[in-house]
Amino acid sequence: MKTLLTRIALAVLLAPSLAAGQAYPARAIRVIVPFAPGGTSDIIGRTLGQRLSEAWKQPVVMDNRAGVAGSLGAAIAAKSPPDGYTLLVGNVGPVAINGMIYKSVGYDSLKDFTPITLAVTAPQIVVVHPSVPAKTFREFTALVRKQKGNMTYGSSGPGSISHLSAELYKRMTKTDMLHVPFKASAFITTALLGGEIDVVFSDMAVVLPHVQAGRLRALAVTGAKPTPLVPGLPTVTDSGVPGFVMTSWWGMFGPAGVPQPIVTQLNTELTRILRTADVQKTFATLGVDAATSTPEELGALVRSEVPKYAKLIQEIGIEKQ
């Protein structure tokens with residue numbers, strides 16, 4: 001009896017140590033996507049989540065928390081336990097821009113996240129409804145000037161990359177268009193297909209199938225170079241707006257304070273996944289490029305992007321909401 005009691009006592013004492021030393025991941029991982037299902041962030045999150053689940057034999061659950069241009073989901077991620085079981089598909093909007101757009105987003109981009117790895121980079125594509133009488137981007141600019149503010153463009157909300165791209169275009173060309181904000185990129189595409197708006201500076205993932213099917217017309221890409229996904233499509237820079245370059249990026253983040261061994265494990269596995277041929281092919285069909293980085297490199301990117309967009313927002317004159 002004494003021996004049995006001793007063993008029970010020893011088991012109780014060792015239980016916390018065994019739990020603390022349990023291999024990661026020991027249970028389901030939640031990936032917060034701060035936008036509605038169907039958009040680029042959602043597709044990226046689901047693609048990487050599925051591969052993580054397959055590799056680690058643990059469920060990886062998507063949690064779409066749309067709102068405030070991605071800030072709602074980002075705030076939830078920032079306030080989650082830093083144990084590696086809550087991740088965030090963060091992009092340039094909620095991570096680098098929204099703090100200058102909204103009076104309170106509920107987090108500090110430079111302090112409240114643990115960078116894990118860059119995942120994707122991508123230019124935007126400028127697309128119009130077929131009823132817009134412009135076959136090229138130069139013709140489009142001429143039409144915008146003629147319309148004198150009556151052309152409409154859609155965005156994912158004030159301060160979103162689609163909004164800033166259009167506003168930068170207006171500023172650089174000294175033209176005007178009417179801003180029509182939506183809650184998600186999927187809604188913008190629906191409105192554009194229905195002819196409710198004229199143009200969108202859009203992520204490729206949500207509009208490329210419609211361009212390829214002839215339902216929308218592509219005029220240019222916003223990157224520094226053309227995209228092979230739409231052969232012959234020029235850049236905005238080469239279409240009469242010299243120096244215009246806007247690119248989006250997505251990365252995986254955790255709340256601040258995720259233990260370094262878990263960060264390293266996540267970075268190593270996600271890097272392996274992002275370098276596989278099937279994931280690169282999947283992302284290429286979306287118009288985005290798979291990318292990788294160290295956690296330190298992603299952190300440096302965020303620290304450089306925040307002041308860059310702060311300057312642009314100040315020049316454009318967007319007031320905090």
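Higher on the page you've got the structure.
Residues numbered from 1 in each chain as written. Predicted model: local features only at pLDDT ≥ 70, side-chain atom pairs only at ≥ 80, totals over all residues. Heavy atoms only, no water.

**Q** Tell me about the overall build of the chain, and please be specific about residues and values.
**A** Along its length, the chain carries 11 helices and 10 strands. Taking the principal axes of its C-alpha atoms as reference, the chain extends roughly 95 × 40 × 30 Å. Long-range contacts, defined as pairs at least 24 residues apart, comprise 79% of the intrachain contacts of the chain with a sequence gap of at least 6. Put simply, the chain shows about 14400 Å² of open surface, and 58% of that area lies on carbon and sulfur atoms. Charge centroids of the chain, computed over 30 positive and 21 negative side chains, lie 2 Å from each other. (Helix = DSSP H or I, 4+ residues; strand = E, 2+ residues; numbered from the N terminus. Contact = heavy atoms within 4.5 Å. Areas by Shrake-Rupley, 256 points an atom, 1.4 Å probe, with all protein chains shown as cover. Lys, Arg positive; Asp, Glu negative; His and termini not counted. Charge placed at Lys NZ, Arg CZ, Asp CG, Glu CD.)

**Q** So, helix 6 (residues 161–173): which residues are in play, and what are the values?
**A** End to end, helix 6 covers 18 Å across 13 residues, agreeing with the expected 18 Å (1.5 Å per residue, within 8%). Most of helix 6 is tucked away, with 11 of its 13 residues classed as buried. For helix 6, every residue scored as buried is listed here: Ile161, Ser162, His163, Leu164, Ser165, Ala166, Glu167, Leu168, Tyr169, Lys170 and Thr173. Count one or two residues on from helix 6 and you reach Lys174, which has phi positive near 55 degrees. (Expected span 1.5 Å × (residues − 1). Buried < 20%, exposed > 50% of the residue type's maximum accessible area, 1.4 Å probe, protein only.)

**Q** Quick one: what's the story with the packing of helix 2 (residues 40–56) against helix 10 (residues 277–285), residue by residue and with numbers?
**A** Here helix 2 crosses helix 10 at 170 degrees, and the two axes come no closer than 11 Å. It follows that helix 2 is roughly antiparallel to helix 10 by the angle criterion. Residue-level inspection shows Ile44, Thr47, Leu48 and Arg51 of helix 2 in contact with helix 10, the latter providing Asp278, Val279, Thr282 and Phe283. Here the residues of the contact of helix 2 with helix 10 sort into 4 nonpolar, 2 polar and 2 charged. (Axes fitted to C-alpha atoms, helices over the stretch in contact; angles between N-to-C directions. Parallel < 35°, antiparallel > 145°, perpendicular 65-115°, else oblique. Nonpolar A, V, L, I, M, F, W, Y, C, P; charged D, E, K, R; others polar.)

**Q** Describe the environment of Val68, and please don't skip the residues or the numbers.
**A** Along the chain, Val68 turns up in the loop between strand 2 (60–64) and helix 3 (71–78). Along the chain, Val68 and Asn98 lie 30 residues apart, while their C-alpha atoms are 8.6 Å from each other. Other than its neighbours up to four places away in sequence, Val68 contacts Asn98 and Tyr102.

**Q** Mind laying out the pairing of strand 8 (residues 217–221), listing which residues take part and the relevant values?
**A** Counting buried residues along strand 8, 5 of its 5 residues qualify, which places the element largely inside the surrounding structure. Inspection of the sheet shows strand 4 (residues 113–128) paired to strand 8 by 4 bridges, in the antiparallel sense. Within strand 8, the residue paired with Val126 across the bridge is Ala220. (Pairing = 2+ DSSP bridges.)

**Q** Run through the pattern of salt bridges, naming residues and quoting values.
**A** Evaluated as defined, the whole model comprises 11 salt bridges. With its nearest N and O atoms 2.9 Å apart, the salt bridge here joins Asp63 to Arg65. Assessed through its relative accessible area of 14%, Asp63 is described here as buried. Its relative accessible area of 32% is what places Arg65 among the partly exposed residues. Two residues, Glu167 and Lys170, come together in a salt bridge whose shortest N-O distance is 3.1 Å. Taken together, the positions of Glu167 and Lys170, both in helix 6 and 3 residues apart, correspond to about one turn of that helix. (Salt bridge = Lys/Arg side-chain N within 4 Å of Asp/Glu carboxyl O.)

**Q** Lay out the environment of Tyr102 in plain terms, naming residues and giving numbers.
**A** Mapped onto the fold, Tyr102 is located in the loop between helix 4 (92–97) and strand 4. With 31 residues separating them in the primary sequence, Tyr102 and Ser71 have C-alpha atoms 9.1 Å apart. With sequence-adjacent residues up to four places away left out, Tyr102 is seen in contact with Val68, Ala69, Ser71, Pro158, Lys320 and Gln321.

**Q** Lay out unusual backbone geometry in plain terms, naming residues and giving numbers.
**A** Between Tyr24 and Pro25 the backbone carries a cis peptide bond, its omega angle lying at -5 degrees. With respect to the helices and strands, the residue Pro25 is situated in the loop between helix 1 (2–20) and strand 1 (29–33). In this structure, Lys57 takes a positive phi of about 60 degrees despite not being glycine. Relative to the helices and strands, Lys57 is located in the loop between helix 2 and strand 2. A positive phi angle, close to 55 degrees, is found at Ala69, a residue other than glycine.

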